[in-house]
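Coordinates in review
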Amino acid sequence: MASPLSNVALQRGMRGFTLVELIVTFMVLAIIATAAAPSFSALIASQRVRGAAGDLTSSVTLLRSEAVKRNATVTMTTAGTASNWADGWIISAGTERVRAYSAYNGIQITSASGNTLSMGNDGRPTGGSIAFEVAPPTGSSSTLCVQVSGTGRVNTVSGACT
C-alpha cells in the first residue's frame, strides 16, 4: 500500500524542474549568447561612432553660434598635444573656455586639416571647409564623416571622408 504523502503528490502533479532540465536550458542559453556576442560588439562600436559624431556635430554648431553671438573668432582645438581629436576638444573664445569635451575611448577621430577649427564672426570657418572622420579602431562599415562646409553648415555622411 502506498503512503498517503505519495498519493497527495500524484494527485496534485509534480512541480518544478529536474536538474537535467535546468542544465540543458542553461546550455542552450549559453550557445545562443555566444552566437550573439559578436553582433553586439559591432553594435556597440557603431553606437560609439554615432555618439562621437553627434557630439562633434553639436560642438561645431555651438562653435558657429558662439562666433556669431560674440561677433568674434571662436576656436575649437584638440585637448591633447597631438592632432588626435579623440582625446577630446575645447571650444574657446580668446582666453575664455566656452566648453570642453572629454576623450572618447575606442574611437578614432581624424582630420586632414590639423588640430584647430576656427569660425569667424560671420559663422564661416576661417580656413575653409573641413572634414572629420570618425571610426572604430578596426576598419568597419560604421565609419562616419562629419563635414563642415565653407559656409559653416555641418553634415554627417556614412563612410570615409573623401
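Refer to the preceding data block for the structure.
All of the points below concern the structure found in this document. The structure displayed is predicted, hence computed values, not measured ones.

Here is what the cut-offs are and how they apply
Residues numbered from 1 in each chain as written. Predicted model: local features only at pLDDT ≥ 70, side-chain atom pairs only at ≥ 80, totals over all residues. Heavy atoms only, no water. Helix = DSSP H or I, 4+ residues; strand = E, 2+ residues; numbered from the N terminus. Rg over C-alpha atoms; globule rule 2.2 N^0.38 Å. Buried < 20%, exposed > 50% of the residue type's maximum accessible area, 1.4 Å probe, protein only. Contact = heavy atoms within 4.5 Å. Disulfide = S-S within 2.5 Å. Pairing = 2+ DSSP bridges. Axes fitted to C-alpha atoms, helices over the stretch in contact; angles between N-to-C directions. Polar contact = N/O pair within 3.5 Å; in protein donor to acceptor, adjacent residues only side chain to side chain. Salt bridge = Lys/Arg side-chain N within 4 Å of Asp/Glu carboxyl O.

**Quick look at the overall build of the protein**
Broken down by element type, the protein carries two helices and eight strands. Starting at the N terminus, the α and β elements of the protein follow one another as α-α-β-β-β-β-β-β-β-β. Against the globule reference of 15 Å for 162 residues, the protein gives a C-alpha radius of gyration of 28 Å, more extended than a compact globule. Projected onto its principal axes, the C-alpha coordinates of the protein cover approximately 100 × 30 × 25 Å. Scored against the burial criterion, the 162 residues of the protein give a buried share of 28%. Here the analysis covers contacts within the protein between residues at least 6 apart in sequence; of these, 50% occur between residues at least 24 apart.

**Quick word on the state of the cysteines**
Taken as a whole, this structure holds one disulfide when the rule is applied. Note that Cys-145 is cross-linked by a disulfide to Cys-161, the S-S spacing being 2.1 Å. Between Cys-145 and Cys-161, the S-S dihedral sits near 110 degrees, and the bridge is therefore right-handed. Here Cys-161 lies in the segment after strand 8 (154–158) and Cys-145 lies in strand 7 (residues 144–148), a separation of 16 residues in the sequence. The class of Cys-161 is partly exposed, set by a relative accessible area of 22%.

**Points about the sheet that holds strand 7**
Read from one edge to the other, the open sheet built from four strands follows the order 4-6-7-8, with strand pairing classed as antiparallel. Here the strands that pair on one side only, and so sit at the sheet edges, are strand 4 (108–111) and strand 8. If you compare each strand with its neighbour and ignore which way they point, the axes differ by 20 degrees on average. Lying on the sheet, helix 2 (residues 19–70) is in contact with strand 4, strand 6 (130–135), strand 7 and strand 8; it crosses strand 7 at an angle near 5 degrees.

**A closer look at the sheet that holds strand 2 (residues 89–93)**
Overall, antiparallel pairing links the four strands, which are arranged 3-2-1-5 in an open sheet. Lying at the two open borders of the sheet, with one neighbouring strand each, are strand 3 (96–101) and strand 5 (116–119). For this sheet, the mean angle separating the axes of adjacent strands, direction not counted, is 15 degrees. The sheet contact formed by strand 2 and strand 3 spans five bridges and is antiparallel. Considered in strand 3, the bridge of Trp-89 is made with Tyr-101.

**Details of the side chain of Glu-66**
By secondary structure assignment, the location of Glu-66 is in helix 2. On the basis of relative accessibility, which here comes to 9%, the residue Glu-66 falls in the buried class. A polar atom in the side chain of Glu-66 sits 2.7 Å from the side chain of Arg-70. The residues touching Glu-66, leaving out its near neighbours within four places in the chain, are Val-74 and Val-98.

**What about the pattern of salt bridges?**
Overall, the coordinates contain four salt bridges when judged by the stated rule. As a salt-bridge pair, Arg-70 and Glu-96 come within 3.0 Å of each other at their nearest N and O atoms. A residue pair is termed long-range when its members are at least 10 positions apart, and Arg-70 in helix 2 and Glu-96 in strand 3 qualify at 26 residues. Overall, Glu-96 belongs to the partly exposed group, its relative accessible area being 41%. Bridged by salt links that share partners, the residues Glu-66, Lys-69, Arg-70 and Glu-96 form one connected network.

Spatial relationships are all this shows, so hold off on functional conclusions.
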